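Here is what each chain is made of, one letter per residue.
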Amino acid sequence: MSTHGNATESHAVGSPGLFVTVWLWLVGITAIEVFLGYETQKFSPTVMLTLLVVLSIVKAILIVSYFMHLKYEKLSLTLLLIPSAIFCMCMIIIFFFPDSLRLLQYRLPH
């Protein structure tokens, strides 16, 4: 009989201390986002939304890199996933943005 895998192989995925550090960064970024949510009068909506989107992208990168172990994968997997995610976001914008403009016209007073 043949074995399909070697049980003694190990895959370097980081130490528990690294994961705790990344988790603390995620908690800190979330605290900043919540603080920004309560400080709506101090920032213009454009600045607020830009900051929130940038912070959310940073959180997504940390989660995908460390907790989904994409940082430790081959470069080819990363080069496959990033463009496909961007493509999906573009398709969402293309299909749903015109409807949002149409709905905005219904809310404006005539």
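Note that the structure is predicted; figures quoted are calculated from it, not measured.

Scoring rules and cut-offs
Residues numbered from 1 in each chain as written. Predicted model: local features only at pLDDT ≥ 70, side-chain atom pairs only at ≥ 80, totals over all residues. Heavy atoms only, no water. Helix = DSSP H or I, 4+ residues; strand = E, 2+ residues; numbered from the N terminus. Buried < 20%, exposed > 50% of the residue type's maximum accessible area, 1.4 Å probe, protein only. Areas by Shrake-Rupley, 256 points an atom, 1.4 Å probe, with all protein chains shown as cover. Expected span 1.5 Å × (residues − 1). Contact = heavy atoms within 4.5 Å. Core = buried A, V, L, I, M, F, W, Y, C linked by side-chain atoms within 4.5 Å.

Draft legend 1. Main features of the overall build of the protein chain. Tallying secondary structure elements over the protein chain gives three helices and zero strands in all. Counting helices and strands in the order they occur from the N terminus, the protein chain gives α-α-α. Counting over 110 residues, the protein chain shows a buried share of 13%. Only carbon and sulfur atoms are counted for the fraction: they give 74% of the accessible area of the protein chain, which is about 9,400 Å².

Draft legend 2. Looking closely at helix α1 (residues 16-38). Helix length check: α1 (23 residues) gives 33 Å between terminal C-alpha atoms against 33 Å at 1.5 Å per residue, within 8%. Regarding α1, the residues found buried are F19, V22, L26, I29, E33 and L36. Residues of α1 that are buried sit in contact with α2 (45-67).

Draft legend 3. Quick peek at the nonpolar core. F19, V22, L26, I29, L36, M48, L55, L62 and Y66 form the largest nonpolar core, which has nine residues in total. Elements supplying a minimum of two residues to this core: α1 and α2. Considering each element in turn, this core owes the most residues, five residues, to α1. Residue contacts for L26: discarding those within four places in its chain leaves K59, L62, I63 and F67.

Draft legend 4. Representation of the side chain of E33. With respect to the helices, strands and loops of the structure, E33 is situated in helix α1. Residue classification places E33 among the buried residues on the basis of a relative accessible area of 14%. Filtering out sequence-adjacent residues up to four positions away, E33 remains in contact with L52, L55, S56 and K59.

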